[in-house]
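Working through the structure, step by step
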Amino acid sequence: MKLSRTSFALMATLLAGTALPTFANATVTVLGWPGGSEETALRATVETYNKQASDADKVELLFFNREGFYDKLQADMAAGSSAFDVNLVATYSLGRYAPYMEPVDLGADAAKVFGESVLKTMQFDGKQYGVPTDLSLHFMYYRRDLIDALMKDDAAKKTYGEIAQKYLGKPLQPKDPDSWTWDDWAATALYFTKQVNPDSPVRYGTVLQMKNLLFNMMVFQSLPRSYGGDWMDKDGNVTVDSDAYKTGLELYKKLYDAGSSPKDSLSYEYAETNAAFASGQAATALQWNAAAADLTSTEKSPAVAEATGIVAPPAGPDGRADHIHGLGLGLNKNAKNKEGAVKFLKWLATEDAALLYARSGGSPALSPDVVAKVAKERPDLVKLGEFASKYGYVMTGATSAGALPVYELQAKEFTGYWSGQQSLEDAFAHTKAGMQDLLKK
Amino acid sequence: MNHLPDAGPRPGVRRVWRIDMALVTRAEGRMYLTPLVGFLLLFLGFPAIVNLIYSVSTVTFETLRSPVLSGFGNYVAVLNDREFWSSAWFSLRFGILTASAECLIGLFLAIFLAPLLSKRPVLMAPLMLPLMVAPAMVGLMYRLVLHEFAGPIPHYLFEWFGDSPAFLDINNAFRTLVVVETLQWTPFAFLLFYMAYSAIPLDVREASSLDGASPFEIVRWIDLPLMKPTLVIAFFIRFIDGFRVFDNVYALTGSGAGGSTTSLSIYVYQAFFKEGAIGKAVAASVVLFVASFIVLHGLNRLAGRGKL
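From a predicted model like this one, the values you see are computed outputs, not experimental measurements.

Within chain A, the secondary structure is distributed over 19 helices and 16 strands. Rg of the C-alpha trace for chain A: 24 Å, near the compact-globule value of 22 Å for 441 residues, within the 12% margin. Here the C-alpha coordinates of chain A stretch approximately 75 × 65 × 45 Å along the principal axes. Pairs at least 24 apart in sequence give 72% of the contacts found in chain A among residues at least 6 apart.

This is the structure we're talking about:
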């Protein structure tokens, strides 16, 4: 092939262009949580901040994939990366990243905006390491129209009772979702399963997130917790092989095997669960609160938005439990522009910024006075605060440096049991041995 | 460097070859090679040495710069780990199955489409397109395509047959991953085979045709033997790629329920990042390196003897 002079010159320019460094305008780089409502809200909030900030303080956002996010962050920070000035932190990984971060003083007003208990989700060794941007817990989403119809139909109630007796061995009757126990939820899920009840108006009774992924374990955790489950007892012994965990794991498997959740549930996480519920083919879903904005939006979920009800996770013998998990932004020890970064973090902790973040789709846990100002647009945030204070919990040992690997381990072993690759006893034996090792460190 | 024969063979004297180094002296040659050797030592040698040290050390993210030597415990841990062996088995099966499928389909397409492509070379472009997509994107794409409520394939299966299989459940995940990998990389094998097929001189085929060989016999006895080196090379390149698979599997199923789709690369990644067991992860990668070296060295020797 002959190259003309012009095409040769063009190719040379292209090659040279790829080797040149890119020029960034912003001087504060913020590494955020990618791919969800958190990203949308942070983008909108930063846009407003940049309008008022001087050129030297302008913020540029950086996002990478959720998959392996914490691992990449750890590798970057351990290597002393200065590619970002402000980075994401989470309650469960604070101990892991604190050595590479610097505490930041958010000022006295921060406590008025978020409340002391929420600020604590970003504290390690008594020092504030970040601004709490989002509080994550779980809601039980359900289809109000389906439940209402069930409650009014005597024949349906009879079928419901028969299904509950057959699958759960208990004579249950339909109930208002806000007073569900896990058995009530399971019976409802089975009733709305086509494979169990051919008359069901939807294909599935629920959507279980069963992918081998640590976040899915956070969702699952509240079931055994409401039966009294914990990772460790007072003396530091690992108690994951308790009856509470056994009950929870068996219930998930029973529902999956009965066809109450989509067949591919073993590869489902946040996005797949949202898609399944939004399709109108699932009656319930235990899902992150961050999904509330999408599932109740007539634009994004037209099939279910009007009929989506939200309650706290069902109750067990020990009452209700809701796994809380805080996300926030903190200061990288190796930040190039610490001054600009601290300015941004302080601004983010003000009432105006928190309200803007909430209005843009984020899920900050705000003090009652502040949340009242967005209650109309974001009723789910009122629920978020209420559920966090009433049912929020953290497993014993779940703030240690080994916490994330524990979730990873559980994800692998529990999904191994759900998929039928190993017995419950083996799953417990492997999980217990691994947890003893991880939590000992 | 020139290879020049002596003034021609004389009767009874074997031809002697002389290497003429007149253009570049030995010292100059070494000097020219120094930057390359320096580059290789720095970018390949240094990480290799660090890896070897880490593999016999106790090391964490906090002590990356000060590992403590602790003997061969990491190697023992890896070799006693049932997950290491199950992930090695996954990678081996995956590598052999995908390489075989890609080569067979690629060969069929190369020979079947050759007459068409010689007239319309522009058709090569769409056939090559899958190679342009990053494997991780392919994984994400199929996560959407195969999703029961968002994907087109389950949608039409439900519409036509009233049901759709679970593409990513424990029974089908492996098959789905093999199909996804094969669909993406068959064009690579096809491209190599098509080039090799086009390079076979037409007169050989014409001669055999005149001798009465059928099209099938021409393929069997003329084309395939002449394409053999390409077939073998393509198979091994695809096998190596399949064996070390990471991106699309990780994006599609993660390490799978109970670790059922953990390839060796995913095993090393998880040991390193998820467990923070840096020594164990590096020891596994050294075992993998040694095994690969033995296989490649064996192949090289076979090739040297002209058996390939």
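Counting its regular elements, chain B contains 12 helices and 4 strands. For a compact globule of 308 residues, the expected C-alpha radius of gyration is about 19 Å, and chain B comes in at 26 Å, more than 25% above that figure. Across its three principal axes, chain B shows a C-alpha extent of roughly 75 × 60 × 30 Å. The buried share among the 308 residues of chain B stands at 32%. Residue pairs in contact within chain B that sit at least 24 positions apart in sequence constitute 64% of those at least 6 positions apart.

All names here are of chain B. Entries for chain B in the domain assignment read domain 1 (2-55) and domain 2 (78-304). Once you take the C-alpha centre of each, domain 1 and domain 2 turn out to be 36 Å apart. Domain 1 puts 4 residues into the contact, and the matching count from domain 2 is 6 residues. For the side of domain 1 that touches domain 2, the per-class residue count stands at 2 nonpolar, 2 polar and no charged.

Right, let's get into the pairing of strand 10 (residues 282-288) of chain A. All names here are of chain A. Among the 7 residues in strand 10, 7 count as buried, and that is most of the element. Two strands pair when backbone bridges link them, and strand 9 (residues 204-207) and strand 10 are joined in this way by 3 bridges, in the parallel orientation. For Val-207, the partnering residue across the bridge sits in strand 10 and is Ala-285.

All names here are of chain A. By domain assignment, chain A separates into domain 1 (11-135 + 325-393) and domain 2 (138-323 + 400-440). Spacing between the C-alpha centres of domain 1 and domain 2 amounts to 30 Å. If you look at the interface, domain 1 gives 17 residues, while domain 2 gives 16 residues. Listing elements by their share of the side of domain 1 that touches domain 2, those giving two or more residues are helix 4 (94-97), helix 17 (379-391) and strand 16 (392-393). Considered class by class, the residues forming the side of domain 1 that touches domain 2 number 6 nonpolar, 8 polar and 3 charged.

Now for helix 19 (residues 424-440) of chain A. Helix length check: helix 19 of chain A, at 17 residues, gives a terminal C-alpha distance of 24 Å against a target of 24 Å (1.5 Å per residue), a fit within 8%. Of the surrounding secondary structure, the elements contacted by the buried residues of helix 19 of chain A are helix 18 (403-418) of chain A.

With that settled, consider the sheet that holds strand 8 (residues 138-143) of chain A. All names here are of chain A. Pairing is mixed across the open sheet formed by 4 strands, whose spatial order is 9-10-8-11. One side of each edge strand has no neighbouring strand; the edge strands of this open sheet are strand 9 and strand 11 (308-311). Neighbour to neighbour, the strand axes of the sheet diverge by 20° on average, direction disregarded.

Another aspect to go through is the nonpolar core. If you look at the biggest cluster of nonpolar residues, it comprises 172 residues, and the most contacted ones within it are Val86(A), Phe277(A), Leu345(A), Leu366(A) and Ala284(B). Sort the elements by how many residues they give to this core and helix 18 of chain A lands first, with 9 residues. Excluding anything up to four places from it in sequence, Leu366(A) contacts Val113(A), Phe114(A), Ala354(A), Ala358(A), Val371(A), Leu381(A) and Gly385(A). Core analysis: the second largest hydrophobic core is formed by 15 residues, Ala99(B), Ala189(B), Phe193(B) and Tyr194(B) among them.

Locating Leu384(A) in the fold gives a position in helix 17. Aside from chain neighbours lying at most four places away, what touches Leu384(A) is Leu135(A), Leu137(A), Asn289(A), Ser363(A) and Ala365(A).

Residue and element names in this part refer to chain B. The N-to-C vectors of helix 7 (residues 173-198) and helix 9 (residues 215-243) enclose an angle of 150°; their axes lie 10 Å apart at closest approach. Comparing the axis directions of helix 7 and helix 9 gives the class roughly antiparallel. Like other packed secondary-structure pairs, helix 7 and helix 9 cross with a definite hand, here right-handed. Contacts between helix 7 and helix 9 involve Glu-181, Trp-185, Ala-189, Leu-192, Phe-193, Ala-196 and Tyr-197 on the former and, on the latter, Asp-223, Met-227, Thr-230, Ala-234, Arg-238, Asp-241 and Gly-242. For the contact of helix 7 with helix 9, a count of residues per class yields 8 nonpolar, 2 polar and 4 charged.

Here we come to the interface of chain A and chain B. Taken together, the contacts link 29 residues of chain A with 26 residues of chain B. Broken down by secondary-structure element, the contributors of at least two residues to the side of chain A that touches chain B are helix 3 (69-78), helix 12 (270-278) and helix 18 of chain A. When residues of the side of chain A that touches chain B are assigned to their parent elements, the largest contribution, 6 residues, is made by helix 18 of chain A. In terms of residue class, the side of chain A that touches chain B is made up of 9 nonpolar, 12 polar and 8 charged.

Turning our attention to the pairing of strand 2 (residues 59-62) of chain A. Residues and elements named next belong to chain A. The pairing of strand 1 (residues 28-31) with strand 2 spans 4 bridges and is classified as parallel. When the bridges of strand 2 are listed, Leu-31 appears paired with Leu-62. In the classification by handedness, the crossover that spans strand 1, the intervening helix 2 (residues 37-52) and the parallel strand 2 is right-handed.

Residues and elements named next belong to chain A. When helix 3 is considered as a whole, its buried residues turn out to be Tyr-70, Leu-73 and Met-77. Projected down its long axis, helix 3 carries its buried residues within an arc of 60°, all on one side. Contacts from the buried residues of helix 3 go to strand 3 (86-90), helix 4 and helix 18. Looking one or two residues beyond helix 3, the residue adopting positive phi is Gly-80, at roughly 75°.

Another aspect to go through is the confidence of the model for chain B. Residues and elements named next belong to chain B. Predicted confidence across chain B gives a mean pLDDT of 86, with 91% of residues reaching 70 or more. Summarising per-element confidence for chain B, the mean pLDDT is lowest in strand 1 (residues 2-5) (44) and highest in helix 7 (95). Note that residues 1-9 has pLDDT below 50 and, in this model, 12 contacts with residues that lie over four places away or in other chains.

Bringing the environment of Ala305(A) into the picture now. With respect to the helices and strands, Ala305(A) occurs in the loop between helix 13 (292-295) and strand 11. Counting along the chain gives 12 residues from Ala305(A) to Ala293(A), while the straight-line C-alpha distance between them is 9.5 Å.

Here we come to the packing of helix 8 (residues 154-168) of chain A against helix 9 (residues 182-191) of chain A. Residues and elements named next belong to chain A. The interhelical angle for the contact between helix 8 and helix 9, taken along N-to-C directions, is 110°, at an axis separation of 9 Å. Taken together, the axes of helix 8 and helix 9 are roughly perpendicular relative to one another. For helix 8 against helix 9, the interelement crossing comes out right-handed. On helix 9, the residues that touch Thr-159, Tyr-160, Ile-163, Ala-164, Tyr-167 and Leu-168 of helix 8 are Asp-183, Ala-186, Ala-187, Leu-190 and Tyr-191. For the contact of helix 8 with helix 9, a count of residues per class yields 9 nonpolar, 1 polar and 1 charged.

Rules used throughout
Residues numbered from 1 in each chain as written. Chains lettered and ligands numbered in written order. Predicted model: local features only at pLDDT ≥ 70, side-chain atom pairs only at ≥ 80, totals over all residues. Helix = DSSP H or I, 4+ residues; strand = E, 2+ residues; numbered from the N terminus. Rg over C-alpha atoms; globule rule 2.2 N^0.38 Å. Contact = placed C-beta atoms within 7 Å. Buried ≥ 20, exposed ≤ 12 C-beta atoms within 10 Å, placed from the backbone. Domains from an automatic or database assignment. Nonpolar A, V, L, I, M, F, W, Y, C, P; charged D, E, K, R; others polar. Pairing = 2+ DSSP bridges. Expected span 1.5 Å × (residues − 1). Axes fitted to C-alpha atoms, helices over the stretch in contact; angles between N-to-C directions. Core = buried A, V, L, I, M, F, W, Y, C linked by C-beta atoms within 7 Å. Parallel < 35°, antiparallel > 145°, perpendicular 65-115°, else oblique. Left-handed = near helix turned anticlockwise from the far one by under 90°. Right-handed = clockwise from strand over helix to strand, strands pointing away. Arc of directions from axis to C-beta. pLDDT = per-residue confidence, 0-100.

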